[in-house]
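What the coordinates show
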Amino acid sequence: MRACFLLWLSLGGAVPWAIATAACEVDAEEARRVLAALRSQPRACGSVHLPAAAPLRWQPVLDLSARRHADALAALDRLSHVGAGGTSLRARLREVGYVMRVSAENLAGGPETLDEALAQWLASPAHCENLMAADLQEFGLACAAHPDSQRRYWVLQLAAPAGGQAPAPAGDKP
């Protein structure tokens, strides 16, 4: 389900060159099930105790934004919430047409599997709180690996749309 393949990267003009990165396919339905199970139980995130939360809906536009950021992180072989050209999460979501009311982003560098990335996020109080936040309703998830080191970069973007309306997929515009 999570096969690796080579993907030529073009970040919509944000990076003026194309490079090869190894991408790790993420099965959206599997991710939705895993995240739903995780959110179905109350959880202690550090000293904060959070109640169970409703399942997240997979959102293709968030998935596109997560994919672009994972590819950029893998290309640079660096973990950062700041995107190409210094863009914030809000700006990256706006680039793909997602107008958000609230958003959060979990990043992981190194885990080989989604389960390992989730374990890291659950061990971090702030990342755990993002996973359990009831006001975050939708998600996009991507993984990419640096072509030389093969270090994997995981990006989970969580959000709720402004006005409660989910955007239509914008497509991956070069």
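Before reading further, recall that the structure is shown in the block above.
Residues numbered from 1 in each chain as written. Predicted model: local features only at pLDDT ≥ 70, side-chain atom pairs only at ≥ 80, totals over all residues. Heavy atoms only, no water.

With that settled, the discussion passes to the packing of helix α1 (residues 28–39) against helix α4 (residues 114–123). Direction vectors running N to C along α1 and α4 enclose 30°, while the axes themselves pass 12 Å from each other. If you check the angle between α1 and α4, you find them roughly parallel. Taken as a pair, α1 and α4 cross one another with a handedness that is right-handed. Between α1 and α4, the contacting residues are A31, V34, L35 and L38 on the first element and L114, L118 and L122 on the second. (Axes fitted to C-alpha atoms, helices over the stretch in contact; angles between N-to-C directions. Helix = DSSP H or I, 4+ residues; strand = E, 2+ residues; numbered from the N terminus. Parallel < 35°, antiparallel > 145°, perpendicular 65-115°, else oblique. Left-handed = near helix turned anticlockwise from the far one by under 90°. Contact = heavy atoms within 4.5 Å.)

All right, on to unusual backbone geometry then. A positive phi is found at D77, a non-glycine position, where the angle reads about 55°. Topologically, D77 is positioned in the loop between α2 (60–76) and α3 (89–95). Phi at Q150 is positive, roughly 65°, even though this residue is not glycine. Looking at the secondary structure, you find Q150 in the loop between β7 (138–145) and β8 (152–161).

Most of β7 is tucked away: eight of the eight residues are buried. Here β7 shows a buried face lined by E138, G140, A142 and A144 and a second buried face lined by F139, L141, C143 and A145. For strand β5 (residues 57–58) and β7, the ladder comprises two bridges, and the chain directions are parallel. By the bridge assignment for β7, R57 is matched with E138. Pairing between β7 and β8: eight bridges, direction antiparallel. The partner of A142 across the bridge, within β8, is V155. (Buried < 20%, exposed > 50% of the residue type's maximum accessible area, 1.4 Å probe, protein only. Pairing = 2+ DSSP bridges.)

Right, let's talk about the side chain of E105 for a bit. Its location among the elements puts E105 in strand β6 (residues 100–109). A polar contact is formed between the side chain of E105 and the side chain of H81, at a distance of 2.9 Å. At 2.8 Å, the side chain of E105 and the side chain of R92 are in polar contact. Ignoring sequence-local partners within four residues, the contact set of E105 consists of H69, H81, L89, R92, N130, V155, L156 and Q157. (Polar contact = N/O pair within 3.5 Å; in protein donor to acceptor, adjacent residues only side chain to side chain.)

In total, this model carries one disulfide according to the counting rule given. The residue that forms a disulfide with C45 is C128, at a sulfur-sulfur distance of 2.0 Å. Judged by the torsion about the S-S bond (-55°), the C45/C128 disulfide is left-handed. Taken together, the residues span a long stretch of sequence, with C45 in strand β3 (residues 43–45) and C128 in helix α5 (residues 125–132) at a distance of 83 residues. Look at C45 and you get buried, because its relative accessible area is 1%. (Disulfide = S-S within 2.5 Å.)

This brings us to the packing of α4 against α5. It is the contact of α4 with α5, at a shortest axis distance of 5 Å, that shows an interaxial angle of 110°. Of the possible angle classes, the one that applies to α4 and α5 is roughly perpendicular. The segment α4 lies against α5, with L118, W121, L122 and A123 engaging P125, H127, C128 and L131. Of the residues assigned to the contact of α4 with α5, the class counts are seven nonpolar, one polar and no charged. (Nonpolar A, V, L, I, M, F, W, Y, C, P; charged D, E, K, R; others polar.)

Scanning all chains against the criterion turns up six salt bridges. Its salt-bridge partner being E29, residue R32 comes within 2.5 Å of it at the nearest N-O pair. Taken together, the residues R32 and E29, both in helix α1 and three residues apart, mark about one turn of the helix. A salt bridge links E29 to R33; the shortest N-O distance between them is 3.7 Å. Of this pair, E29 and R33 both sit in helix α1, separated by four residues, roughly a single helical turn. (Salt bridge = Lys/Arg side-chain N within 4 Å of Asp/Glu carboxyl O.)

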